[in-house]
Amino acid sequence: MRTSTLRCLVLIVGLSKELPSNSNKMAQFQEVMRQQLESSMHAELEKLVGTAKGAEAKVSKKDFEGFRKLFHRFLQVKGPSVEWSKINRPPEDSIQPYDKIKAKGLPHYIADSLNKLVVVKLNGGLGTSMGCKGPKSLISVRNENTFLDLTVQQIEHLNKTYNADVPLVLMNSFNTDEDTKKILQKYTHHRVKIHTFNQSRYPRINKESLLPVAKDMAMTGENADVWYPPGHGDIYASFYNSGLLERLIAEGKEYIFVSNIDNLGATVDLYILNHLVSQPNGKRCEFIMEVTDKTRADVKGGTLIQYDGKLRLLEIAQVPKAHVDEFKSVTKFKIFNTNNLWISLSAIKRLQEQNAMDMEIIVNPKTLDGDLNVIQLETAVGAAIKCFDNALGINVPRSRFLPVKTTSDLLLVMSNLYSLEAGSLTMSERREFPTTPHVKLGSSFTKVQEYLTRFESIPDMLELDHLTVSGDVTFGKHVSLKGTVIIIANHGDRIDIPAGSMLENKIVSGNLRILDH
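Because the structure is a prediction, the values reported are computed rather than measured. (Residues numbered from 1 in each chain as written. Predicted model: local features only at pLDDT ≥ 70, side-chain atom pairs only at ≥ 80, totals over all residues. Heavy atoms only, no water.)

(A) Region of the structure containing the environment of Ile507. Checked against the element boundaries, Ile507 lands in strand S25 (residues 502–510). The spatial distance from the C-alpha of Ile507 to the C-alpha of Lys349 is 57 Å, given a sequence separation of 158 residues. (Helix = DSSP H or I, 4+ residues; strand = E, 2+ residues; numbered from the N terminus.)

What follows is the structure, encoded as structure tokens:
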């Protein structure tokens, strides 16, 4: 099909999403157009699979089945996926306070419950936003330990303490799989069984033609940017397709605890686990989402709502434009999703086999080299909450949400605000406030390597409330920061904070240069 014809089709599909039509003829015409788009996509995918060989062809065929379903739904969707008037606050008992869960205590046989658990870490991301090559999980975050090191240490500690057998499963992407597998050899003698599976590889779609940009299945050269991992909602299909889900069920595993590998607060919580396994059979909870109180820094985070009688995750991308400010309000929507999830393995198997896993599509626009506009269709793992029986939210302490997305976050977790024990970070008892300081490092600190050269040692931050640093700034050894500290080096100037300095409620600007003589 020629590009000009496809432009027409795209325009009509776009119009059909915006203009309600009473005409049967228009509806039929739109349906014909959609079918032609699907048919063209199907033909292109068949061509792509034809360029693959052996095992790759088999895997790609499975991946493309999922992609075709997603593309079909993308063409069907009209307007926002929620009607604002139908949104209700979740019933009181559908989001439990963590203290209530903890008050139940732990039985002496908690090791039995641990033996039913699998820890799954979402390990598909690269460290590019922090200026690093390779998997983000391999960035050093504390005492030369990487995210992956800390995860392995946590689970090994659990297994040794309770004489349990909790395995670790990593969901890799085609971006992270090879490097991660090389590193796994170093954990051979740890008391943790480690499994991996790959999430799907989907083709990026030309925004104009709505056809794949890729010409063959290669991932190098011209094809380096034409593939993408389709978001963590892909975990259900990929886990099932890998055969690993079936294998773990056969080994007696019942639940997975899923979290982002860069969330250092996402450790196995025995009280939540006990709550899961202690439910009576008829009321077994198949899905728990850990939520926490929203602050002004979290206004874009997804929240839980009641919709059509079900607990549902509402993401900012689903909100009609007129209601975005309302969504961001910390008074109406008081909690947000941490992406720490506890999910029944048998329920995932059932929903996959019934083709009943329904997640809203996230349309993510990107611009490739040469100014080519593409879209990628993604889903979020938490969006499936509405598909599971007796789903529940638990309002957990903020300490269970400690993501490291930027070097500003890295500074917090490397500092004396936290102590490290058996792979777990806990807030120092010497910190008088339960909240972490607000840290904002400027563009000179964005890349990890440059950030590290700017600190001879990490400052004492126990009494810090707020830190803003902008421009060419370096810190000497044993600097102490308290209260609100703002350091701004103007363009062309440089500020060296001398070793042993104590800055309390100070603004430092201009040019402060300490030179050796």
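(B) Structural context of helix H12 (residues 345–353). Within the span of H12, buried status applies to Leu345, Ala347, Ile348, Leu351 and Gln352. The buried residues of H12 occupy one face: seen down the axis, they fall within an arc of 160°. Looking at the buried side of H12, the elements it contacts are helix H8 (235–242), helix H9 (244–250), strand S10 (255–260) and strand S14 (335–344). Just beyond H12, the residue with positive phi is Asn355, at close to 55°. (Buried < 20%, exposed > 50% of the residue type's maximum accessible area, 1.4 Å probe, protein only. Arc of directions from axis to C-beta. Contact = heavy atoms within 4.5 Å.)

(C) Up close: the sheet that holds strand S11 (residues 287–293). Taken in spatial order, the 8 strands line up as S1-S17-S11-S14-S10-S2-S5-S6 in an open sheet, and their pairing is mixed. The open sheet is flanked by strand S1 (95–97) and strand S6 (194–198), the only strands paired with a single partner. Neighbouring strand axes in the sheet, compared pairwise and without regard to direction, differ in orientation by 25° on average. Taken together, the 3 bridges between S1 and strand S17 (residues 392–395) define a ladder with parallel strand orientation. Directly across from Gln96, in S17, lies its bridge partner Ile394. Helix-sheet contacts for helix H6 (residues 147–162) involve strand S2 (117–123), strand S5 (168–172) and S6, and the interaxial angle to S5 is about 155°. Where helix H7 (residues 177–184) meets the sheet, it contacts S2, S5 and S6, and its direction lies at approximately 170° from that of S6. (Pairing = 2+ DSSP bridges. Axes fitted to C-alpha atoms, helices over the stretch in contact; angles between N-to-C directions.)

(D) Structural view of the pairing of strand S12 (residues 303–307). Where burial is concerned, most of S12 is hidden: 5 out of the 5 residues are buried. Every second residue of S12 is oriented toward a common face, with Thr303, Ile305 and Tyr307 on one face and Leu304 and Gln306 on the other, all of them buried. Where S12 hands over to strand S13 (residues 310–314), the hairpin turn is made up of 2 residues, of which Asp308 adopts a positive phi near 50°.

(E) Highlighting the UniProt feature "binding site: substrate" (unreviewed entry) in the protein chain. Per the UniProt entry, the sites bearing "binding site: substrate" (unreviewed entry) are His232 in this numbering. Locating His232 in the fold gives a position in the loop between strand S9 (227–228) and H8. The residues contacting His232, other than those within four sequence positions of it, are Leu122, Met171, Asn260, Asn339, Thr379, Ala380 and Val381. (UniProt positions renumbered as here; feature names shortened; annotations may be inferred.)

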